[in-house]
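# Structure at a glance
The residues making up each chain are set out below.
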Amino acid sequence: MSRNSDKAMKHSGWIYLLSTLIFGVAVLLFFALAYPHHLHFQEQYQLFMFNKGYVLEVLAVPGGVADLLGRFLTQFFLYAWVGASLIALVMVGIQLLTYRLLQNVCSGHLNYALSFVPSLISCCFLCDENALMTAPAALTIVLGGVLAVQSISKDNVRQVIEIASIPLIYMMAGAFVLLYAVILIITEVQKRYTTKLLPVVGGILLVASLSPAIWHHFVHYSLMQLYVGPHYYRITDVFPIWAWGAVATVPLLMLLSKILSRWSIRRTLTVHAILWTMLMLIGGDMVYSSQSQQQESIMAYDFMARNAMWNRIIQKAQQKAPKNQVAAVALNLALAERGMLTSHLFEYPQNGISGLLPSFTRDYVSPLVTSEVLYRLGMINTAQCFVFEAQEAIPDFQKSARCYKRLAETNLINGAYEVARKYLIALQNTLFYRAWATETLALIADDEAVNKHPEYGSLRKMRSNQNYFFGGTALHQILSTQLEANPQNRIAFEYLEAACMLVKDVERATSFYPLSEPLGYQGIPRNIQQAMLLNWSQNHKINEPIPEYFQPDVVQEFKSFFSALQSSNGNPKSMQTVFGNTYWFYYYFHK
């Protein structure tokens with residue numbers, strides 16, 4: 001029996017290890033392959049700095065240790081595979097700590113399979129773009145704290161330390177101290193249920209429930225935020241259901257483990273495998289339901305625009321046409337950067353002028369991709385305003401590494417060197433922006449070096465000193481002014497023509513074309529030809545000869561379009577397959 005028992009224990013150890021390994025790899029692959037841009041999105045909305053002032057500021061509020069740890073991990077999300085690996089390690093850590101806790105409460109054959117539940121729910125939580133790594137870090141601290149306290153064998157000493165440790169755990173993990181208190185009570189009761197425990201239970205509940213109320217007098221958070229946890233979710237007024245769901249399952253699993261331990265279960269490894277498989281399938285379905293590939297796609301376009309990955313943006317749009325404004329803005333910028341906007345604009349879905357430069361909205365997401373366009377157009381002041389306002393709109397009031405970098409660049413281009421220095425010095429205190437900040441600091445107060453810089457120098461030449469507050473049909477006026485100030489601004493010309501076409505102003509599109517002369521176009525771009533030909537047809541009789549500067553194939557396609565338009569009685573469905581990528585189709589059928 002002993003030999004069989006040892007053999008079973010050895011086999012169970014390998015099965016358990018394999019279960020954890022498969023789970024960890026699955027989490028890694030999910031976040032690295034299916035959800036990488038959610039990680040990039042998280043990283044750009046914080047600025048983790050390695051300096052004393054920053055660390056003390058974070059630690060000074062309840063939950064500060066978990067918050068600092070969560071922020072530390074999030075900085076690595078700049079690289080998706082590294083970030084996904086860290087998430088997998090944290091999820092595995094939570095699972096192993098949960099297993100240890102369940103075994104301490106009541107050694108059972110099914111505890112290992114059950115221990116995956118909090119980690120699975122935590123994965124669902126992290127699928128939300130506003131979920132912060134603080135919550136998994138806080139859960140890890142709580143579970144580790146319970147195990148540390150429970151290792152004390154003397155009852156009186158342990159119980160005193162349990163009560164005394166609650167304020168410490170609250171300062172470290174925040175509102176999850178309530179979980180800490182509940183677990184302590186369950187573990188004490190299962191050890192020995194007597195009336196002598198009532199003072200201990202009362203003391204634990206009293207200290208845990210009063211800790212947020214006491215700290216309310218010393219921090220700027222509301223009482224409700226302190227009880228819910230202000231650092232677990234970016235939007236502090238929203239209750240993070242998945243985060244608290246992961247927390248709530250731990251004491252429930254402890255009770256369930258106690259109940260299941262009374263059952264005599266044979267072939268325990270088989271039962272473990274069945275239960276683990278069921279939990280993985282259910283958990284996988286929950287994660288799939290929690291994730292949003294639509295949001296992931298939007299974040300992908302924003303990430304690629306931020307990093308000037310113009311070819312990748314175009315390739316992504318060719319695989320699947322973008323269907324949201326952020327993607328359209330990024331795509332149109334990529335087309336302009338590659339000199340393709342006025343020849344390929346209508347090969348992709350367009351939603352009017354907002355797909356070029358949307359009007360400002362006060363949030364922390366959409367102004368950033370718009371600022372990329374403004375920056376490339378040379379509207380440096382306006383780009384700076386958009387970035388600054390986006391940073392100020394971040395719900396949890398953190399600073400943004402992405403915004404700091406762009407604000408340093410815009411101030412450098414404008415010659416506001418001391419302001420740029422402030423942002424660069426802050427970035428020097430980071431892990432992944434330090435090298436860039438140090439390199440860029442060498443340009444401070446050196447006009448000649450800035451002028452010779454391949455990016456900042458060219459933007460300085462075509463920058464506008466005006467601040468624009470624009471929207472709608474005023475865009476063509478702003479772009480024409482920008483182009484008149486710098487006739488070599490090719491992107492401004494492409495945006496000007498695209499803006500006129502998108503508002504169906506073919507007359508202006510035609511009149512602005514001579515501004516392309518200094519830009520060295522080899523012939524009239526195809527979409528501009530289509531707009532000019534349409535404008536010509538509206539001002540000339542049908543039997544007049546068409547000018548020779550229009551390409552013959554464009555003229556022939558134009559005639560075919562109007563022939564099809566008449567025969568279809570204006571039905572767009574019958575024409576979209578053949579003419580859906582022409583300006584004429586957009587002009588007649590886009591509302």
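To be clear, the structure that these remarks concern was listed above.
All figures in this text were calculated on a predicted structure; none of them were measured in a lab. (Residues numbered from 1 in each chain as written. Predicted model: local features only at pLDDT ≥ 70, side-chain atom pairs only at ≥ 80, totals over all residues. Heavy atoms only, no water.)

## Here we look at unusual backbone geometry
Notably, F397 is not glycine yet its phi reads approximately 65 degrees, a positive angle. Note that F397 resides in the loop between α20 (380–392) and α21 (401–414). On the basis of relative accessible area, F397 is assigned to the exposed category, the value being 66%. Phi at A445 takes a positive value of approximately 65 degrees, unusual for a residue other than glycine. Relative to the helices and strands, A445 resides in the loop between α23 (434–441) and α24 (447–452). (Helix = DSSP H or I, 4+ residues; strand = E, 2+ residues; numbered from the N terminus. Buried < 20%, exposed > 50% of the residue type's maximum accessible area, 1.4 Å probe, protein only.)

## A word on the environment of I274
Take I274: it is sitting in helix α14 (residues 268–290). Separated by 161 residues in the primary sequence, I274 and A113 have C-alpha atoms spaced 9.1 Å apart.

## Re helix α16 (residues 310–319)
For the α-helix, the turn length of 3.6 residues means that residues three or four positions removed from each other point alike. Turning to α16, its buried residues are W310, I313, I314 and A317. Relative to the axis of α16, the buried residues are bounded by an arc of 95 degrees and lie together on one face. On the buried face of α16, the contacting elements are α15 (293–306), α17 (325–337) and α19 (366–377). (Arc of directions from axis to C-beta. Contact = heavy atoms within 4.5 Å.)

## So, the packing of aromatic side chains
Think of a pair of aromatic rings as described by two things: how far the centres are apart, and how the planes are tilted against each other in angle. Scanning the entire structure with this criterion turns up 41 aromatic pairs. Note on F30 and F31: the rings are 4.9 Å apart at their centroids and 80 degrees apart in plane angle, and the pair reads as edge-to-face. In this structure, F30 and F31 share a single accessibility class: buried. Pairing W215 with F218 gives two aromatic rings, centres 5.9 Å apart and planes at 70 degrees, and the pair type is edge-to-face. Since its relative accessible area comes to 63%, F218 is described here as exposed. Every member of this aromatic cluster is reached through a ring pair, and the members are F346, F558, F561, F562, F579, Y583, W584, Y586, Y587 and Y588. Above the plane of the ring of Y521 lies R490, whose end atom (NZ or CZ) is 4.0 Å from the centre. (Phe/Tyr/Trp six-rings, centres within 6.5 Å; stacked < 30°, edge-to-face > 60°. Lys NZ or Arg CZ within 6 Å of the ring centre and 35° of its normal.)

## Description of the state of the cysteines
Following the criterion strictly, the structure yields zero disulfides and no others. With no disulfide of its own, C127 lies 6.2 Å from the sulfur of C124, the closest cysteine sulfur. With no disulfide of its own, C403 lies closest to C385 among cysteine sulfurs, the gap being 13 Å. Judged by relative accessible area, which is 0%, C403 ranks as buried. (Disulfide = S-S within 2.5 Å.)

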